[in-house]
Amino acid sequence: MPTRRKFIASSAAGLAALAASPSVEALSLPPAPVAGKPQVISTWDTGLAANLGAWKVLSKGGRALDAVEAGVMVTEDSQNCCVGLGGNPDREGIVTLDACIMDDQFNCGSVAALERIKHPISVARRVMERTPHVMLVGEGAQQFAVAQGFPLEAQKLSPDAEKAYKEWLKTSQYKPVVNIENSGTRNTGPVGGANNHDTIAMLAQDVQGRLSGSCTTSGMGFKMRGRLGDSPLIGSGLFVDNAVGAAAATGQGEDVIRIAGAHTVVELMRQGMSPKAACKAAIERVARIKGDKAKDIQVCFIAISAQGQHGAFALQKGFSYAVCDAQNQQQLIQAEYLLK
Ligand code: ASP
């Protein structure tokens, strides 16, 4: 048994060692003063409409956490988009949804493989606020949602998803497709189509400088039953450290998970990189790991620093992100990319 004196001596030494470590020091810093500059950024062109939903909250001085929930709910509501119940199903023909949310205090919640619930992001928030857990999956997540009053929707594909699924059934081959944004049609099969992403990730900073993030997806279309990607995983699809910044991902989830993507981007910002440089360094890491196979996938990151700078970077051409703030109103920015 250590004596009290020894314990004090050893804990003092431990604290001194901790204080010497730059990462712990950075963690204990108060949030940088960015009050008065609310902003929201989100992935893909569907981010434009979603940002407006978030801006309604931010522009009234509301909380970033409320903004990132309200914002992606706009996309979850849309039947014309591959996010939410209008999204592409798994290879059994069932739509399964994943989502997560994180605030400025390391509070986070997540749901995965959730069926027949329209707003997985709101269920993720309830997990965060009303359970002792961070993540609920499958049947348990659905039971929790229903107990919380979320209506159970019909098990039915949207007309677009049904068409895409029928097309896919002709070959029934799962092959990752490179997510791109262009002609406005959805992924219809193994060779991929245009505008074939399945996710929206959103990061916001409110007037008090608080950061929060959300991410919601139907996952890769025609995935194996039970497959989860990065989007519901705190640290992969989304990470927020209010003293440093926030980051989120979209694209091939397996390759985001491999490098704990969003967390990696935030840690790179902690080391002094700008949001864009941090996103680029994480993309370079993915490319190094994938080698020749990097050309077959898409991975994209967006980030905001605690000081209010934003940035993004993608592996391939075709990734855009939407920005909304008081100065520039709405803009869609084509992200730079690695593979030229
Ligand atoms: N990251 C998502 C997943 O792997 C897909 C996407 O971003 O489109 O499930």
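Cut-offs applied
- Residues numbered from 1 in each chain as written.
- Predicted model: local features only at pLDDT ≥ 70, side-chain atom pairs only at ≥ 80, totals over all residues.
- Heavy atoms only, no water.
- Helix = DSSP H or I, 4+ residues; strand = E, 2+ residues; numbered from the N terminus.
- Buried < 20%, exposed > 50% of the residue type's maximum accessible area, 1.4 Å probe, protein only.
- Contact = heavy atoms within 4.5 Å.
- Areas by Shrake-Rupley, 256 points an atom, 1.4 Å probe, with all protein chains shown as cover.
- pLDDT = per-residue confidence, 0-100.
- Pairing = 2+ DSSP bridges.
- Axes fitted to C-alpha atoms, helices over the stretch in contact; angles between N-to-C directions.
- Arc of directions from axis to C-beta.
- Near = heavy atom within 4 Å.
- Polar contact = N/O pair within 3.5 Å; in protein donor to acceptor, adjacent residues only side chain to side chain.
- Nonpolar A, V, L, I, M, F, W, Y, C, P; charged D, E, K, R; others polar.
- UniProt positions renumbered as here; feature names shortened; annotations may be inferred.
- Patch = residues over 30% accessible without salt bridge, like charges linked within 9 Å, V, L, I, M, F, W, Y side chains within 5 Å.
- Salt bridge = Lys/Arg side-chain N within 4 Å of Asp/Glu carboxyl O.

Per an unreviewed UniProt entry, the recorded name for the chain is Glycosylasparaginase, and the organism is Hymenobacter rigui.

## Here's the deal with the overall build of the chain
Looking only at helices and strands, the chain has 10 helices and 12 strands in total. Buried residues in the chain amount to 55% of all 340 residues. Considering only contacts within the chain whose residues lie at least 6 apart along the sequence, 63% involve residues at least 24 apart. When the accessible surface of the chain is totalled, it reaches about 14600 Å², and 55% of it is carbon and sulfur.

## Things to note about the confidence of the model for the chain
For residues with low pLDDT, the predicted coordinates do not support detailed interpretation. Taken as a whole, the chain shows an average pLDDT of 87; of its residues, 83% reach a score of 70 or greater. Confidence drops under a pLDDT of 50 for residues 1-33, and excluding neighbours within four residues, the segment shows 13 contacts in the predicted structure. Per-residue pLDDT stays below 50 along residues 182-194; that stretch engages in 44 contacts with residues further than four places along the chain or on separate chains.

## Some points on the sheet that holds strand β11 (residues 320-325)
Strand order in the open sheet made by the eight strands is β4-β3-β2-β6-β5-β1-β11-β12, with mixed pairing throughout. The outermost strands of the open sheet, each flanked by one partner alone, are β4 (135-137) and β12 (329-334). Each adjacent strand pair in this sheet contributes to an overall mean axis angle of 10°, direction not counted. As paired strands, strand β5 (residues 199-205) and strand β6 (residues 211-217) are joined by seven bridges and run antiparallel to one another. Within β6, the position partnered with Q205 by the bridge is L211. Packed on one face of the sheet, helix α3 (residues 46-58) meets β1 (39-43), β5, β11 and β12 and runs near 155° to β1. With respect to the sheet, helix α5 (residues 120-130) is in contact with β2 (97-102), β3 (108-114), β4 and β6, its orientation differing from that of β3 by roughly 130°.

## Some thoughts on helix α7 (residues 159-169)
All of the buried residues along α7 are A161, A164, Y165 and W168. Down the axis of α7, the buried set is contained in an arc of 100°. They therefore lie on one face. In α7, the exposed positions that point more than 90 degrees away from the buried face belong to P159, K163 and K166.

## What to know about helix α6 (residues 138-147)
Of all the positions in α6, only G138, A141, Q142, F144 and A145 are classed as buried. Down the axis of α6, the buried set is contained in an arc of 160°. They therefore lie on one face. Residues E139, Q143 and A147 are exposed on α6 and point more than 90 degrees away from its buried face. Next to the buried residues of α6 lie β3, α5 and β4. Of the residues one or two after α6, G149 is the one with positive phi, at around 95°.

## Quick notes on the sheet that holds strand β8 (residues 245-251)
Within a sheet, each strand pairs with its neighbour through backbone hydrogen bonds, oriented either parallel or antiparallel. With antiparallel pairing, four strands are arranged side by side in an open sheet as β7-β8-β9-β10. Two strands bound the open sheet, and with one partner strand each, they are β7 (238-241) and β10 (310-314). Along the sheet, successive strands turn relative to each other by an average axial angle of 10°, direction set aside. Packed onto the sheet, helix α9 (residues 261-270) meets β7, β8 and β9 (299-305) and runs at close to 145° relative to β8.

## A word on the site of the ligand
Taken together, the neighbourhood of the ligand is formed by H197, D198, T199, G219, M220, R227, D230, S231, T250, G251 and G253. T199 places a polar side-chain atom, nitrogen or oxygen, 2.8 Å from an oxygen atom of the ligand. A distance of 2.9 Å separates an oxygen atom of the ligand from a polar atom in the backbone of G253. Protein coverage of the free-state accessible area of the ligand, which is 270 Å², stands at 100%. Looking at the shell around the ligand residue by residue, the class counts come to one nonpolar, seven polar and three charged.

## A closer look at the pairing of β5
Judged by how many residues are buried, β5 sits mostly within the fold: seven of seven residues are covered. As paired elements, β1 and β5 share four bridges and run antiparallel to each other. Bridge pairing in β5 places I41 opposite L203. The antiparallel hairpin formed by β5 and β6 contains five residues in its connecting segment, where G209 sits at a positive phi of about 85°.

## A word on the UniProt feature "active site" (unreviewed entry) in the chain
UniProt's feature table lists "active site" (unreviewed entry) at T199, given in the numbering used throughout. With respect to the helices, strands and loops of the structure, T199 is situated in strand β5. Leaving out residues up to four positions away in the same chain, T199 has contacts with T43, W44, V83, C215, T216, T217, S231, A249 and T250. A distance of 2.8 Å separates the side chain of T199 from the side chain of T217, its partner in a polar contact.

## A few points about a nonpolar patch on the surface
A surface patch of nonpolar side chains, about 220 Å² in accessible area, is lined by V134, M135 and V137. Its location among the elements puts M135 in strand β4.

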